[in-house]
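What follows is each chain in one-letter form.
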Amino acid sequence: QVQLVESGGGLVQPGGSLRLSCAASGSIYSINAMGWYRQAPGKQRELVATITSGGRTNYADSVKGRFTISRINAKNTVYLQMNSLKPEDTAVYYCNAEVTVIPDSVSYHYWGQGTQVTVSS
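Residues numbered from 1 in each chain as written. Predicted model: local features only at pLDDT ≥ 70, side-chain atom pairs only at ≥ 80, totals over all residues. Heavy atoms only, no water.

Enquirer: Before we move on, can you summarise the overall build of the protein with the specific residues and values?
Expert: Each helix and strand counted, the protein has 0 helices and 11 strands in total. Traced from its N-terminal end to its C-terminal end, the protein shows the element sequence β-β-β-β-β-β-β-β-β-β-β. In terms of overall dimensions, the protein is globule-like: its C-alpha atoms have a radius of gyration of 14 Å, near the 14 Å expected for 121 residues. Dimensions of the protein, computed from the C-alpha atoms along their principal axes, are close to 50 × 25 × 20 Å. Looking at the protein residue by residue over its 121 residues, the buried ones come to 42%. Working note: accessible area of the protein is about 6,300 Å², and carbon and sulfur atoms make up 48% of it. (Helix = DSSP H or I, 4+ residues; strand = E, 2+ residues; numbered from the N terminus. Rg over C-alpha atoms; globule rule 2.2 N^0.38 Å. Buried < 20%, exposed > 50% of the residue type's maximum accessible area, 1.4 Å probe, protein only. Areas by Shrake-Rupley, 256 points an atom, 1.4 Å probe, with all protein chains shown as cover.)

Below you can see the structure in the form of structure tokens.
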């Protein structure tokens, strides 16, 4: 069993910043890709950013230059630094991790519970 716990969401004014964190725990052998997705009311869940265990990153066009994803492999933790936030960034943000689990060495995708980010004046 693997758990992902997110933190760092909240209410921020346009142009402000927030930093999200997601820590994985449980029967983890290794973690491959980690990422952040978001879902706004009435919309489908969309990719925000991903990062491989080697540090290769990928971003949605809408957040390039404003958001930065990073991870600390030794802590099984991924971060999302969000700067220059816009009202259209308002959504529930979900952490995702591709985890190879103990003891069967099979990889599964796990999701966090989500954290609300609201950008409003």
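Enquirer: I'd love a proper account of the packing of aromatic side chains, names of residues and values included.
Expert: Evaluated as defined, the whole model comprises 2 aromatic pairs. Aromatic pair Tyr37 and Trp111: ring centres 5.1 Å apart, planes at 65 degrees, arrangement edge-to-face. Of this pair, Tyr37 sits in strand 4 (residues 28-39) while Trp111 sits in strand 10 (residues 107-111), and the two are 74 residues apart along the sequence. With relative accessibility at 40%, the residue Trp111 sits in the partly exposed group. Cation over ring: Arg19 sits above Tyr79, and NZ or CZ is 4.1 Å from the ring centre. Just above the ring of Tyr94 sits the side chain of Arg45; from NZ or CZ to the centre is 3.7 Å. (Phe/Tyr/Trp six-rings, centres within 6.5 Å; stacked < 30°, edge-to-face > 60°. Lys NZ or Arg CZ within 6 Å of the ring centre and 35° of its normal.)

Enquirer: Give me the pattern of salt bridges: which residues, what numbers.
Expert: Tallying each qualifying case throughout the model produces 4 salt bridges. Across the pair Asp89 and Arg38 runs a salt bridge whose closest N-O atoms are separated by 3.0 Å. One end of the pair, Asp89, is in the loop between strand 8 (77-82) and strand 9 (91-101); the other, Arg38, is in strand 4, and 51 residues separate them in sequence. Pair check on accessibility: Asp89 and Arg38 agree, each one buried. One salt bridge in this structure joins Asp61 and Lys64, with 3.1 Å as the shortest N-O distance. Via salt bridges that share partners, Arg38, Glu46, Arg66 and Asp89 belong to a single interconnected network. (Salt bridge = Lys/Arg side-chain N within 4 Å of Asp/Glu carboxyl O.)

Enquirer: How would you explain the state of the cysteines if you had to name every residue and give the values?
Expert: Taken as a whole and judged by the stated rule, the model has 1 disulfide. The side chain of Cys22 participates in a disulfide bridge whose partner is Cys95; the two sulfur atoms lie 2.1 Å from each other. One quick way to see it: the torsion about the S-S bond of Cys22 and Cys95 is about -80 degrees, and its sign makes the bridge left-handed. Linking Cys22 in strand 3 (residues 18-26) with Cys95 in strand 9, this pair joins segments that are 73 residues apart in sequence. Of the two residues, Cys22 and Cys95, neither departs from the other in class, the shared state being buried. (Disulfide = S-S within 2.5 Å.)

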